[in-house]
Amino acid sequence: MADTTATATPETTTTEDGIRRRDFLDIAAVSAAGIGGLAVVYPLVSQMAPSKDVLAASSTEVDISAIEPGQAIKAVFRKQPLFVKRLTPAEIEAANATATGSLRDPQSLADRTKEGHEDILVTMGVCTHLGCVPLGAAEGEVKGEFGGYFCPCHGSHYDTAGRIRKGPAPTNLEVPEYEFTSDTVIQVG
Amino acid sequence: MSFPWARQYEPKNGLTKFLDERLPLPRLVYNAVGAGYPVPRNLSYFWNFGVLAGFFLVVQIVTGVVLAMHYAANAQVAFATTEHIMRDVNWGWLMRYAHANGASFFFIVVYLHIFRGLFYSSYKAPREMIWLLGVVIFLLMMATAFMGYVLPWGQMSFWGAKVITGLFGAIPLVGEPIQVWLLGGFAPDNAALNRFFSLHFLLPFVIAGVVILHIWALHIPGSSNPTGVEVKSESDTVPFHPYYTAKDGFGLGIALLLYFAMVFFLPNALGHPDNYIEANPLSTPAHIVPEWYFWPFYAILRAFTVDFFFVPAKLMGVIAMFASILLWFFLPWLDKSPVRSGHYRPLFRKFFWFGLIPAMIVLFICGGAPAEEPYVMLSQIATAYYFLHFLVILPIISSVEKPEPLPYSITEAVLGSDKKVVKGENTSPAV
Amino acid sequence: MTKLLSVRLVAILVGLGFTVAVLWGFLVGAYNAATEEAAGHVPYEHPKELSWSFDGPFGKWDKAQLQRGLKVYDEVCSACHSLKFVAFRDLEQIGYSEAMVKAYAAAKTVPGIDPNTGEASTRPGLPTDYFPSPYPNNVAAAAANNNAIPPDLSLMTKARGDGTNYVASLLMGYQEPSAELLEEHPEAAPGPGLYHNPYFPNLNLAMAPPLTSTGQVTYDDGTEATVEQMSKDVAAFLTWTAEPTLVKRKQTGWPVLIFLLFATVLAYMSKKQIWSAVKPKK
């Protein structure tokens, strides 16, 4: 085997079989590089998801004993405002008087509160339109046309049960997962 | 510019034709690292390290950008956010270890790349500009690595920042104001940490820019090769793709194996334990040492122990340390031997293997050792040789040395004959 | 040509200058070394080579040991040393359930704010809290410990060379200095408030021996709490606190290296195949 090819024209010297073997090897090697490259993407994407400390800090306890009827407090849940409101009998009545079927996001007050605690309304203080904080939780703030919350950014009106009644918001104020750990303490998240 | 036999890019379909007429990026790639770039056919594995250096630059930029998403450059929390990355961020430990060891591997491959350049005199005409840009890249790398090491705000970070900025304090008259200006204070603190972070983020992109110039300059004369004989004809070259893409792919595989073995199984082997102690301005570590890749230069800095006439020892050390790298800028004009490759230069080869390499090893060891005997005296001898080698021996032997006979061409060196000159003796069938 | 020659001439002169300057220092150093007696170092011992479940490329945590180590930290070390980078929630990684972690955290007192007055106060811990520091700040820590601030232990085993072995060796290494040592290095005798320990670099440690007797800690799993056992357990625990991801790191490493080996072999074969067309054959 003294053949030495001096120029770079492998196509002319490889046999039919050789070409196939070469193609297979090249494709395998390039595919392996591609798989490796894709594998690298996973941690690079994953690192931007919430880190362990952020996920662990996603539960909050709120003491509701000091809330008078008609008052609300603002707490913080997942770095976002949380409204906890004790409804007056009149507000409960107003909420129940509304026909559920006519609403944009049909839910009754009972759907949005815990059994035995229908006067405690727990919602995120985040407008479902574009995320502003609605007014109405603090003393003296505008409560909107329906006596609940009003978002000043784009004029969404929520009723006493925190349901969307007028304006661009698509859904009711979100009720996060929570439970009563005692009669006066709720744990959110 | 290229050799006349370089393959021409031909757009094959509508999309590439469209692109070629408007933004000929595929053509640029084809001519730079594709089949359009003819490369000497006899490159050894020592020619792999340029591509590897580029690869590790990309690794550093990608992992660094990710780390910057989680790190906070504030002396109160810098150490804690580094631990936050290690403990809580998804795959944060992998990103940080990949970045820390990536710096080491970047330097390893760049040192091998420089070693290649020194032995094969890749700095000689017509490739001076490639070499000069390479030295600029190396200086930028050193600055970037130094500032990056400060960011975790451990003990070595803090004291490294203090000691290295203290070097500028050696400059007569203006030294101290310069040091205070560099730090934005009287000791490293928030001001220093923030500017180091800013520059540490910026400089890699400057490096990437100079790398592009480095490659541009390379494509003017084309790659050098182990014989040092310039390309004469088409039979001396092969297209970069697929020949050297395949060879670089294999080299990359080996480099990645070693790199990830370090990242996953010995991630702290190249670091210093003291940097896991939070910075404490009131307590200095027992031995302040820089990262391993600075050891040879740190040894040169410390080798000057007595005042030299009117120059204080401290200033002399600083001058020598900077001079030890800056003198590389003059290499193309110091070494005037007409022969490039060390393989054909008997005298140069002896000084290279039995002088420069042992001196570098001694400097490396002494730079990492405490400043005590015998390390100080050993580093003094090695430092003396270092300067003698580049500034005295190289200029002299390039005049007095009688080089060994060179092959006529690369083809002859590879095949034993070149049919263009030795007609009739070629045993290979005509292709 | 004369210009280039002058470049080389200047280089030779500069090179000789540096050489003379550095060798001058060498001569002065050599003279000093010959005429002065070098100050010897106090000899200290390197950590013992102990074996750990998490050693080696296939190492795993021994969770029972980590839990024992937590108990030693809790009952002994935590009196003086903080563990500020470890959160209670992290304890789920060493085999405790969510409820156990919650109860463990609630039993700890962490700094808080009185919700009614806003004044600094304390409250029971939550899983998201970090281990509380025994001292409110460094000044208090220094004042309570004869000016030697007890270091945070979160990263201790990474902050010392051969850290796990070092911590274990140090904890079981307290002893009286030998007569030979004191004869040879009188300066090594422990001063007031210092304790001799051959594994500590200057032999004199401000920390009083923390683990002194068998049964100092009562292990829940019935393991006999000898000083050696407690030292090893707490060293293992501190290895976990220093790098909770250590085992995951090693376990991730194997598939990566095996894949890379496979890909590299493929790359080599592909490279050989491609080059076979132009390589001279033997």
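Source: prediction; values computed, not measured. All residue numbers refer to positions counted from 1 along the written sequence of the respective chain. All chains are assigned letters beginning at A, and all ligands numbers beginning at 1, according to the order in which they are written. Residues qualify for local features only when their pLDDT is at least 70, as the model is predicted, and side-chain atom pairs are given and counted only at 80 or more; totals for whole chains, interfaces and linings, by contrast, use all residues. In computing side-chain values, all of the structure's heavy atoms are included and hydrogens and water are not.

S.K.: Pulling in residues and values, what's your account of the packing of aromatic side chains?
M.R.: Each Phe, Tyr or Trp ring, with Trp reduced to its six-membered ring, pairs with another whose centre is within 6.5 Å; inter-plane angles below 30 degrees give stacked pairs, above 60 give edge-to-face pairs, and intermediate values give tilted ones. One pass over the structure, following the stated rule, counts 69 aromatic pairs over all chains. Look at F240(B) and Y244(B): their rings are 6.2 Å apart centre to centre, the planes differ by 40°, and that puts the pair in the tilted class. On the criterion of helical spacing, the pair formed by F240(B) and Y244(B) is a turn pair, its members being 4 residues apart in helix α10 (residues 240-265). A network of ring pairs unites the aromatic residues F107(B), Y111(B), Y123(B), W131(B), F138(B), W292(B), Y293(B), F294(B), W295(B), F297(B), W328(B) and F364(B) as a single cluster. Of note, K85(A) hangs over the ring of Y149(A), and the distance from its end group to the ring centre comes to 4.9 Å. Taking the ring centre of Y408(B) as reference, the NZ or CZ of K232(B) above it sits at 4.8 Å. Where helices and strands are cited, they refer to DSSP runs of H or I of at least four residues and of E of at least two residues respectively, numbered from the N terminus. Placement of a positive charge over a ring is assigned whenever Lys NZ or Arg CZ falls within 6 Å of the ring centre and within 35 degrees of the normal to the ring plane.

S.K.: Tell me about the UniProt feature "transmembrane region" (unreviewed entry) in chain C, and please be specific about residues and values.
M.R.: Residues and elements named next belong to chain C. Look at the UniProt record and you will see "transmembrane region" (unreviewed entry) annotated at residues 7-27 and 252-269. Each end of residues 7-27 is marked by a C-alpha atom, and these two atoms are 30 Å apart; helix forms 100% of the span and strand 0%. Along residues 252-269 one finds 100% helix and 0% strand; the C-alpha atoms at either end are 27 Å apart. UniProt positions are given in the numbering used here, feature names are shortened, and annotations may be inferred rather than shown by experiment.

S.K.: Describe the confidence of the model for chain C, naming the residues involved and giving the relevant values.
M.R.: A low pLDDT score tells you not to read the predicted coordinates there in detail. Averaged over all residues, the pLDDT of chain C is 91; the fraction at 70 or higher stands at 96%. At the level of chain-chain contacts, confidence expressed as ipTM amounts to 0.93, with global pTM at 0.91. Scored from 0 to 100, pLDDT reflects the predictor's confidence in each residue.

S.K.: Kindly report on the pairing of strand β4 (residues 120-124) of chain A, identifying the contributing residues and their values.
M.R.: Residues and elements named next belong to chain A. A simple rule labels every residue: compare its accessible area, found with a 1.4 Å probe on the protein chains alone, to the largest value its type can have, and call it buried under 20%, exposed over 50%, or partly exposed in between. In terms of residue burial, β4 counts as a mostly covered element, since 5 of its 5 residues are buried. Of the two faces of β4, both are covered, the one formed by I120, V122 and M124 as well as the one formed by L121 and T123. Pairs of strands are assigned from DSSP output, requiring at least two bridges between the strands. Relative to β4, strand β3 (residues 80-86) is paired through 5 bridges, and the arrangement is antiparallel. Each residue of the ladder has a partner; that of R86, found in β4, is I120.

S.K.: Outline the state of the cysteines, supporting the account with residue identities and numerical values.
M.R.: Throughout, disulfides are identified as pairs of cysteine sulfur atoms within 2.5 Å of each other. Tallied over the entire structure, the rule returns 1 disulfide over all chains. Shown here is the disulfide that connects C132(A) with C153(A), its sulfur atoms set 2.0 Å apart. The sign of the -100° torsion about the S-S bond sets the C132(A)-C153(A) disulfide as left-handed. One end of the pair, C132(A), is in the loop between β4 and β5 (147-151); the other, C153(A), is in the loop between β5 and β6 (156-159), and 21 residues separate them in sequence. In this structure C132(A) comes out as partly exposed when scored by relative accessible area, which is 21%. Judged by its relative accessible area of 39%, C153(A) falls in the partly exposed class. Free of any disulfide, C151(A) has its nearest neighbouring cysteine sulfur in C127(A), separated by 3.8 Å. Its sulfur unpaired, C77(C) is 9.1 Å from the next cysteine sulfur, which belongs to C80(C). Judged by relative accessible area, which is 16%, C77(C) ranks as buried.

S.K.: Any chance you could break down the sheet that holds strand β2 (residues 72-77) of chain A for me, citing the residues and the numbers?
M.R.: Residue and element names in this part refer to chain A. Ordered in space as β2-β3-β4, the 3 strands form an open sheet in which the pairing is antiparallel. A strand with exactly one partner marks an edge of an open sheet, and here the two such strands are β2 and β4. Strand-to-strand twist across the sheet, computed as the mean angle between neighbouring axes with direction ignored, equals 25°. With axes taken as lines fitted to C-alpha atoms, and helix axes fitted only over the stretch in contact, angles between N-to-C directions fall between 0 and 180 degrees.

S.K.: Explain the side chain of T237(B) to me, and be specific about the residues and the numbers.
M.R.: Mapped onto the secondary structure, T237(B) falls in strand β2 (residues 237-239). Think of a polar contact as two N or O atoms within 3.5 Å of one another; within protein, one of them needs to be a possible hydrogen donor and the other a possible acceptor, and neighboring residues in sequence only count if both atoms come from side chains. Within polar-contact distance, the side chain of T237(B) engages the side chain of W5(B) at 3.0 Å.

S.K.: Just give me the short version of the confidence of the model for chain B, but keep the residues and values in it.
M.R.: Taken residue by residue, chain B gives an average pLDDT of 93. The fraction at 70 or more is 97%. In what follows, residue pairs with any heavy atoms lying within 4.5 Å of each other are defined as contacts. Of the regions scoring below 50 in pLDDT, residues 422-431 of chain B engages in 11 contacts with residues more than four places distant in sequence or in other chains.

S.K.: Can you explain the pattern of salt bridges? Please cite residues and give values.
M.R.: Put simply, a salt bridge is a Lys or Arg side-chain nitrogen that is within 4 Å of an Asp or Glu carboxyl oxygen. Evaluated as defined, the whole model comprises 25 salt bridges over all chains. In this structure, K166(A) engages E145(A) in a salt bridge whose closest nitrogen and oxygen atoms are separated by 2.7 Å. Pair noted here: K166(A) is in strand β7 (residues 164-166) and E145(A) is in the loop between β4 and β5, with a separation of 21 residues, a long-range link. We note a salt bridge from E230(B) to R127(B), for which the minimum N-O separation is 2.9 Å. A residue pair is termed long-range when its members are at least 10 positions apart, and E230(B) in the loop between α9 (190-219) and β2 and R127(B) in the loop between α5 (92-119) and α6 (128-150) qualify at 103 residues. R127(B) sits in the buried class, given a relative accessible area of 3%. Among the charged side chains, a salt-bridge network with shared partners connects K124(B), D335(B), R345(B) and E401(B).

S.K.: Break down the sheet that holds β6(A) for me, citing the residues and quoting the values.
M.R.: All names here are of chain A. If you trace the 3 strands from one edge of the open sheet to the other, you get β5-β6-β7, paired in antiparallel fashion. In this open sheet, the two edge strands, each paired with only one partner strand, are β5 and β7. Neighbour-to-neighbour, the strand axes of the sheet open up by a mean angle of 35°, direction not taken into account. Direction of pairing for β6 relative to β7: antiparallel, over a ladder of 2 bridges. Counted as the bridge partner of Y158 is I164 from β7.

S.K.: With reference to specific residues and values, describe the UniProt feature "domain: Cytochrome c" (unreviewed entry) in chain C.
M.R.: Feature annotation in UniProt places "domain: Cytochrome c" (unreviewed entry) on residues 64-171 of chain C, given in this structure's numbering. The annotated region residues 64-171 of chain C carries 34% helix and 9% strand content, and the separation between its end C-alpha atoms amounts to 20 Å.

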